[in-house]
Structures are given as C-alpha cells and as structure tokens.
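Structural overview
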Amino acid sequence: MTGRSAPAVLPSSLRVWLGMVAALAGLVVVVLGVRYADDSQPGMVDARIGAAVDGVGPPWRHVALATDFLGEPGGAAMLVVATVTGCLLLRRPRAAVLVVVGVGMAVGTATLLKSLVGRTIHDGNLSYPSGHTAFLTALALVVALLATGRLGLGRTAGTSLVLAAALVAGAAMGWAQVALGAHYPTDVLGGWCTALAVIPATAWLVDRTADAVLRKRR
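Residues numbered from 1 in each chain as written. Predicted model: local features only at pLDDT ≥ 70, side-chain atom pairs only at ≥ 80, totals over all residues. Heavy atoms only, no water.

At a minimum axis distance of 8 Å, the contact between helix H6 (residues 131–151) and helix H7 (residues 155–179) shows a crossing angle of 155 degrees. In terms of orientation, H6 and H7 fall into the roughly antiparallel class. For the pair H6 and H7, the crossing hand works out as right-handed. Residues His 132, Thr 133, Leu 136, Thr 137, Ala 140, Leu 141, Ala 144, Leu 145, Ala 147 and Thr 148 of H6 touch H7, and the partners they reach there are Gly 158, Leu 161, Val 162, Ala 165, Ala 166, Ala 169, Gly 170, Met 173, Gly 174 and Gln 177. Residue composition of the contact of H6 with H7, by class: 12 nonpolar, 8 polar and no charged. (Axes fitted to C-alpha atoms, helices over the stretch in contact; angles between N-to-C directions. Helix = DSSP H or I, 4+ residues; strand = E, 2+ residues; numbered from the N terminus. Parallel < 35°, antiparallel > 145°, perpendicular 65-115°, else oblique. Left-handed = near helix turned anticlockwise from the far one by under 90°. Contact = heavy atoms within 4.5 Å. Nonpolar A, V, L, I, M, F, W, Y, C, P; charged D, E, K, R; others polar.)

With that settled, consider helix H4 (residues 73–89). If you check H4, its first and last C-alpha atoms are 24 Å apart, about what 17 residues at 1.5 Å a residue would give, namely 24 Å. Packing partners of the buried residues in H4 comprise helix H3 (60–69), helix H5 (93–117) and H6. Backbone geometry just downstream of H4 places Arg 91 in the positive-phi region, at approximately 60 degrees. (Expected span 1.5 Å × (residues − 1).)

The next point concerns unusual backbone geometry. Of note, the bond from Tyr 128 into Pro 129 is cis; its omega dihedral lies within 30 degrees of zero at -5 degrees. A positive phi angle is found at Asp 38, which is not glycine, with a value near 55 degrees. Among the secondary structure elements, Asp 38 is positioned in the loop between helix H1 (12–35) and helix H2 (44–53). A positive phi angle is found at Asp 123, which is not glycine, with a value near 60 degrees. Relative to the helices and strands, Asp 123 resides in the loop between strand E1 (120–121) and strand E2 (125–126).

A word on the environment of Met 78. By the element assignment, Met 78 lies in helix H4. Separated by 92 residues in the primary sequence, Met 78 and Gly 170 have C-alpha atoms spaced 18 Å apart.

The way to describe two aromatic rings as a pair is by their centre distance and the angle between their planes. Overall, the coordinates contain 1 aromatic pair when judged by the stated rule. For the cation-ring pair, Arg 119 lies above Tyr 36, with the distance from its terminal atom to the ring centre recorded as 3.9 Å. (Phe/Tyr/Trp six-rings, centres within 6.5 Å; stacked < 30°, edge-to-face > 60°. Lys NZ or Arg CZ within 6 Å of the ring centre and 35° of its normal.)

Before going further, it helps to examine the side chain of Arg 119. Relative to the helices and strands, Arg 119 is located in the loop between H5 and E1. Classification of Arg 119 as buried rests on a relative accessible area of 0%. Within the local environment of Arg 119, its side chain forms a polar contact with the side chain of Asp 187, the two groups lying 2.9 Å apart. (Buried < 20%, exposed > 50% of the residue type's maximum accessible area, 1.4 Å probe, protein only. Polar contact = N/O pair within 3.5 Å; in protein donor to acceptor, adjacent residues only side chain to side chain.)

Contact pair H1 / H7: the axes reach a minimum separation of 9 Å and the direction vectors enclose 40 degrees. Comparing the axis directions of H1 and H7 gives the class oblique. Crossing handedness for the pair H1 and H7: right-handed. Contacts from Ser 13, Leu 14, Trp 17, Leu 18 and Val 21 of H1 reach H7 at Arg 155, Gly 158, Thr 159, Val 162 and Leu 163.

Here's what the structure looks like:
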C-alpha cells in the first residue's frame with residue numbers, strides 16, 4: 001500500500017468524473033430510501049419489471065441461483081480472495097486494499113441503510129438496498145479501476161470501462177435478485193448506486209492514506 005512504486009488506485013484522469021458519478025449515485029440512494037422508507041409493497045416500476053422477470057424457470061433459474069451465490073458469504077469470499085490474489089500478483093497493493101476495504105464498505109453501507117430505511121419484502125425481510133448487487137458492482141468497479149491503471153487508459157476510455165463494468169455486474173446480479181423474488185427492482189438500483197457512491201470515495205481515501213504514509217516514511 002505504501003511502496004514507492006505503487007500506482008494510485010484511482011487514476012487522476014478519472015477523479016472528477018467518478019466524483020460526479022458518486023455524488024449523483026449517492027443522491028439517488030437517498031431519494032429512493034426516503035421514497036420507500038418503511039414500505040412493504042412494490043412501486044409502479046417494481047410491479048411492471050417484476051412481472052416480466054420474476055419467477056423464471058429452468059435453465060435461467062439455475063443461472064439466477066448461480067449468480068445469487070456469488071453474493072452469498074461463501075461465493076463472495078471466494079471472489080474477494082481471488083481478486084486480492086490477482087492484485088498482489090500484479091503488484092497492485094493499493095488495489096488489494098481497495099478490494100477489502102471498498103467492497104466491505106459498500107456492503108456495510110447497504111446493510112446499515114437496510115435498517116435505516118426499513119423497507120421489507122416477503123415476511124418482513126429488509127430489502128433496500130440490495131447488498132448482493134452492491135457487492136458485485138463494487139467488486140467490478142475495483143477490477144475496472146485496476147484495468148484502467150494497468151492499461152493507462154485516458155479519461156474517456158477509463159470512465160467508459162469503469163461504468164460499463166459496473167453496469168454489467170449490477171445488471172447481472174440485479175436480474176438474479178428480481179428473478180428469484182429476493183428484491184424489488186428499485187432495491188437493485190439502490191444497491192448499484194450504493195457501490196457507485198462508495199467505491200470512488202474509498203479509492204480516493206486509500207490513495208490519500210498511502211501517499212501520506214509514504215511521505216512520512218521519507
């Protein structure tokens with residue numbers, strides 16, 4: 001994390017744009033949280049999307065279950081360990097730190113928001129925002145930031161890669177959660193935006209902390 005040659009985990013060319021995205025995503029999380037606070041019913045958008053996606057049969061149900069497993073403790077642990085190992089093999093210690101801290105912060109934030117918002121689904125299970133979606137989106141964001149740094153991508157290409165990775169991961173896990181009836185579509189959107197808000201901010205903090213420690217050692 002503090003090695004002299006360790007590159008920034010949040011490329012300088014992406015800081016402004018991802019900062020704006022994070023701010024907008026945070027606003028969406030708050031607005032949806034206020035809208036669905038203490039609610040237990042699907043909204044109009046939830047009902048329409050849910051009717052089209054909910055209750056898929058084989059073989060797509062198996063795909064949904066496999067995707068859902070990636071957000072469960074066992075699957076999530078495997079993904080985190082594999083990603084941290086990859087970061088260390090590529091000599092990107094800051095990215096390894098971001099995987100643990102950033103993804104943990106995204107999931108932790110989602111868990112805290114569930115208690116604060118109080119939206120429920122199926123027998124009182126807290127649902128907003130989706131922790132599964134926040135997890136996979138956060139992990140995809142970290143991997144995309146690592147790829148952006150390794151490939152030396154500029155602002156446009158780097159931002160496009162990061163957002164595309166977040167969209168694909170969020171859409172995949174979000175579809176699985178709605179298809180399995182575990183979350184409302186707006187829960188999924190909230191989880192996606194939670195990751196978009198948390199990861200850029202955490203990446204910036206990791207860089208600031210690492211640079212400060214490095215300066216102190218020098």
